[in-house]
Amino acid sequence: MTSSDTPATWAPDRAAPSAPWPRPGLREGLWRGARGRCPVCGEGQAFRGFLRVAEACGHCGAPLGRLRADDAPPYFTIFLVGHLVVPPILMVERLYTPPMWLHMAVWLPMIAVLTTLLLRPVKGATLGLMCRLGITGEDQKA
Ligand SMILES: [Zn+2]
């Protein structure tokens, strides 16, 4: 077997992905996004409604509308809320053994409220993470 018989091995492109805007640091991108600010400049609004991402930052013009977080924010939110709520539920059950209706009356509204409150900051932080990682939607342009 000669070297010409073996197929060329694929190597990933390790060059830093290009972004149409300056990439924020990890912490600042997450923090700015979690506060609902543009992850790039920290000044403009990242959201146009409760969860709708603004087409572009009003301050720096970063095309935030191109960032497609898709299902990542709900996934991260469910993961976070589950880790915040399940241990107290188990602890209360172990210590007091309340009836099931009381569990449902207390924990279900708490889960709904926590999920609603955390979804927007988590989505913003996801946008910040995407900006940091260079996942800008450039490859989605037609
Ligand atoms: Zn901006």
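Undergrad: How do you make sense of the overall build of the chain when you look at a structure like this?
TA: Of the regular secondary structure elements, the chain holds three helices and zero strands. Ordered by position from the N terminus, the helices and strands of the chain form the series α-α-α. With 142 residues in all, the chain has 30% of them scored as buried. Relative to all contacts within the chain whose residues are 6 or more apart in sequence, the contacts with residues 24 or more apart total 57%. Split by element, the accessible area of the chain, about 9,700 Å² in all, is 63% carbon and sulfur.

Undergrad: Help me out: how do you make sense of the coordination of the zinc ion in this one?
TA: Put simply, a metal with four donors set out as a tetrahedron has ideal angles of 109.5 degrees, and one with six donors set out as an octahedron has ideal angles of 90 or 180 degrees. Those protein atoms acting as donors to the zinc ion are C38 (SG), C41 (SG), C57 (SG) and C60 (SG), and they sit at 2.2 to 2.3 Å. Note that the zinc ion binds four donor atoms; their angles at the metal cover 107 to 113°, and the shape is tetrahedral. Binding-site remark: the zinc ion is held by donors from one chain whose sequence spacing is C-x2-C-x15-C-x2-C. Within this pair, whereas C41 is found in the loop between α1 (26-34) and α2 (72-96), its partner C60 is found in the loop between α1 and α2, the two being separated by 19 residues in sequence.

Undergrad: Any chance you could explain α1 here in plain terms?
TA: Side chains of residues three or four places apart in an α-helix project in the same direction, reflecting 3.6 residues per turn. The set of residues buried in α1 consists of G29, R32 and G33. The buried residues of α1 occupy one face: seen down the axis, they fall within an arc of 95°. Away from its buried face by more than 90 degrees, α1 exposes R27 and W31. Buried positions along α1 lie against α3 (100-133). A positive phi of about 85° marks G36, the residue just after α1.

Undergrad: What is the right way to read the environment of H83 from this model?
TA: Summarising the element assignment, H83 is placed in helix α2. Looking at H83, its side chain comes within polar contact range of the main-chain oxygen of F79, at 2.8 Å.

What counts and what doesn't
Residues numbered from 1 in each chain as written. Predicted model: local features only at pLDDT ≥ 70, side-chain atom pairs only at ≥ 80, totals over all residues. Heavy atoms only, no water. Helix = DSSP H or I, 4+ residues; strand = E, 2+ residues; numbered from the N terminus. Buried < 20%, exposed > 50% of the residue type's maximum accessible area, 1.4 Å probe, protein only. Contact = heavy atoms within 4.5 Å. Areas by Shrake-Rupley, 256 points an atom, 1.4 Å probe, with all protein chains shown as cover. Donors = N, O, S within 2.8 Å, 3.2 Å for Na, K, Ca; no water. Tetrahedral: all angles 85-135°; square planar, octahedral: opposite > 155°, others 65-115°. Arc of directions from axis to C-beta. Polar contact = N/O pair within 3.5 Å; in protein donor to acceptor, adjacent residues only side chain to side chain.

As far as function goes, none of this settles anything; it's purely spatial.
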